[in-house]
Amino acid sequence: MKDSYGREINYLRISVTDRCNLRCRYCMPLEKTEGTGPVLSFEELLTVVRAVLPMGITRFKITGGEPLVRQGTVDFLSELKRIPGVERVTLTTNGLLLHRDLEKLRSIGIDGINISLDTLNEQQYRRLTGIPEGKGGVSAVLDAVRASVSFGISTRLNAVLLEETKDQILKLASLAEDLPLSVRLIELMPLGPAAFERSFSPKKALALLREQYPDLSPVSREAIFEEGRRKSPYGNGPAEYYASESLKGFIGMIRAVEEPFCESCNRLRLTSGGQLKACLCYDIGIDLLPILRSGKAEGVLEKEIREAFRSAIWKKPWENCFQRADDVTEKRTMNEIGG
Ligand code: SAM
Ligand code: SF4
């Protein structure tokens, strides 16, 4: 379905929990309570997905909080993959529990896994994520990244660009020299605790990368790649990808603030509590929970869900407001929204 600006909305990011086994400083403050509100059941989520497929929403990202801390997430992904008409199911995770679930994720044919890792420095990782010594760290995440690639799963490494991790940009990018994966640099979005962090500009990051890889150049969405490289780095999202002869994989840039990608925005978000969000920075959306728990008969329920989606799509603003901090009305943190 098209929104009021003619953008095709075909992608839903589903948060299955606000809980997390990390406390990344820019996402989820240490003192944050988690798991206190209502949470949509997997059955309710499947009902939503079946209802919206006929509207052309056929691509789904499962996120959180940390989706793998919720029991049953992988079975839910498996169910989702089996629904006729579902085109693409991907997962975003911090990678710490991935070793446990990777085999199954491969067997259900997951279409891609994004693994978040902002630094290769163990001490810095612990400072940024709040994880105590002995609880897994950079090496555990890197093992998950390598295992995912070796299983032939389309794998992306997501790193948020922070001033304090700018020396990590080239180190993270170098992972794509040996592995056919996309290393994606994400501009910090000033939501919740992130508003107090110092971001690093994607433009500056790109300049650093060009010094290291002088032939770095944008990849067209239609490009065909040499054998041995992934067919295309593009997925559901707004990343722009770059290639270099020195890289087996790609570098991705996600710019939400400096040069927002709103013109091509194709997404809605569903929080774990059931709020359908039209845009990340505004607290505008529709609560699906009362609809899902209204006891309406099959058929009527799906119609009401579609009505709610139509209304949310219609409310989508033209662009985000991250450049105008005072306009940001979203007060929840990223782990609550589903980043
Ligand atoms: N726990 C999973 C993970 O870390 O991948 C999934 C949820 S997390 C909220 C999804 C993505 O959002 C992660 O890559 C994380 O780095 C990113 N993120 C969180 N807060 C952000 C912010 N303020 N700006 C930009 N990206 C953010
Ligand atoms: Fe947890 Fe992901 Fe947020 Fe880090 S970014 S606190 S791993 S939800």
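Described below are features of the structure shown in this document. (Residues numbered from 1 in each chain as written. Chains lettered and ligands numbered in written order. Predicted model: local features only at pLDDT ≥ 70, side-chain atom pairs only at ≥ 80, totals over all residues. Heavy atoms only, no water.)

A few words on helix α3 (residues 98-108). Restricting attention to buried positions, one finds in α3 the residues L98, D101, L102, L105 and I108. For α3, the angular spread of buried residues about the axis comes to 135°, placing them on one side. Structural note: α3 exposes H99 and S107 on the side pointing more than 90 degrees away from its buried face. Residues of α3 that are buried make contact with α2 (73-82), β3 (88-93), β4 (112-116) and α5 (138-150). Positive phi appears at G109, one or two residues downstream of α3, with a value of about 80°. (Buried < 20%, exposed > 50% of the residue type's maximum accessible area, 1.4 Å probe, protein only. Helix = DSSP H or I, 4+ residues; strand = E, 2+ residues; numbered from the N terminus. Arc of directions from axis to C-beta. Contact = heavy atoms within 4.5 Å.)

The next thing to look at is the site of ligand 2. Neighbouring ligand 2 are the residues C20, L22, C24, C27, M28, G65 and N94. Residue classes in the shell around ligand 2 are distributed as 5 nonpolar, 2 polar and no charged. (Near = heavy atom within 4 Å. Nonpolar A, V, L, I, M, F, W, Y, C, P; charged D, E, K, R; others polar.)

What follows deals with helix α8 (residues 202-212). All buried positions along α8 are accounted for by P202, A205, L206 and L209. Each buried residue of α8 sits inside an arc of 100° when the element is viewed along its axis, so together they form one side. Exposed and facing more than 90 degrees away from the buried side of α8 are K204 and E211. On its buried face, α8 is in contact with β5 (155-161), α6 (169-173), β6 (182-187), β8 (240-243) and β9 (250-254). The opening residue of α8 is S201, an N-cap whose side-chain oxygen sits 3.1 Å from the backbone nitrogen of K203. (Polar contact = N/O pair within 3.5 Å; in protein donor to acceptor, adjacent residues only side chain to side chain.)

Below, the discussion takes up the site of ligand 1. Taken together, 19 residues lie near ligand 1, and G65, E66, T92, S116 and M189 sit nearest. One of the backbone N or O atoms of G65 is found 3.0 Å from a nitrogen atom in ligand 1. Between ligand 1 and the protein, one listed contact pairs a nitrogen atom with a side-chain N or O atom of E66 at 3.2 Å. When isolated, ligand 1 has an accessible area of 540 Å², and the protein chains bury 94% of it. Those elements that place two or more of their residues in the shell around ligand 1 are β3, β5 and β6. A breakdown of the residues in the shell around ligand 1 according to their chemical character gives 8 nonpolar, 9 polar and 2 charged. (Areas by Shrake-Rupley, 256 points an atom, 1.4 Å probe, with all protein chains shown as cover.)

Attention shifts here to the environment of G37. Within the element layout of this structure, G37 appears in the loop between β1 (11-15) and α1 (42-52). Exposure remark for G37: the relative accessible area of 39% places this residue in the partly exposed category. Spatially, the C-alpha atoms of G37 and T17 are 10.0 Å apart, while their sequence positions differ by 20 residues.

Take the pattern of salt bridges next. Tallied over the full model, the rule gives 18 salt bridges. Here R25 and E164 are joined by a salt bridge, their closest N and O atoms 2.6 Å apart. With R25 in the loop between β1 and α1 and E164 in the loop between β5 and α6, this pair connects stretches of sequence that are 139 residues apart. Between R25 and E197 there is a salt bridge, and its shortest N-O distance comes to 2.8 Å. With R25 in the loop between β1 and α1 and E197 in the loop between β6 and α8, this residue pair connects regions lying 172 residues apart in the sequence. (Salt bridge = Lys/Arg side-chain N within 4 Å of Asp/Glu carboxyl O.)

Take the packing of α1 against α2 next. At a closest axis distance of 11 Å, the pairing of α1 and α2 adopts a crossing angle of 25°. Taken together, the axis directions place α1 and α2 in an arrangement best described as roughly parallel. α2 is crossed by α1, and the crossing has right-handed handedness. Every residue of α2 that contacts α1 at F42, L45, L46 and V49 is listed here: T73, F76, E79 and L80. Its residues placed into classes, the contact of α1 with α2 shows 6 nonpolar, 1 polar and 1 charged. (Axes fitted to C-alpha atoms, helices over the stretch in contact; angles between N-to-C directions. Parallel < 35°, antiparallel > 145°, perpendicular 65-115°, else oblique. Left-handed = near helix turned anticlockwise from the far one by under 90°.)

Further remarks concern the nonpolar core. Core analysis: the biggest nonpolar cluster contains 113 residues, and F60, L209 and F309 have the highest contact counts within it. With 7 residues, the top contributor of residues to this core is α1. What F60 contacts, discounting residues up to four positions off in sequence, is Y11, L12, I14, V49, V52, L53, L80, V86, R88, V89 and T90. (Core = buried A, V, L, I, M, F, W, Y, C linked by side-chain atoms within 4.5 Å.)

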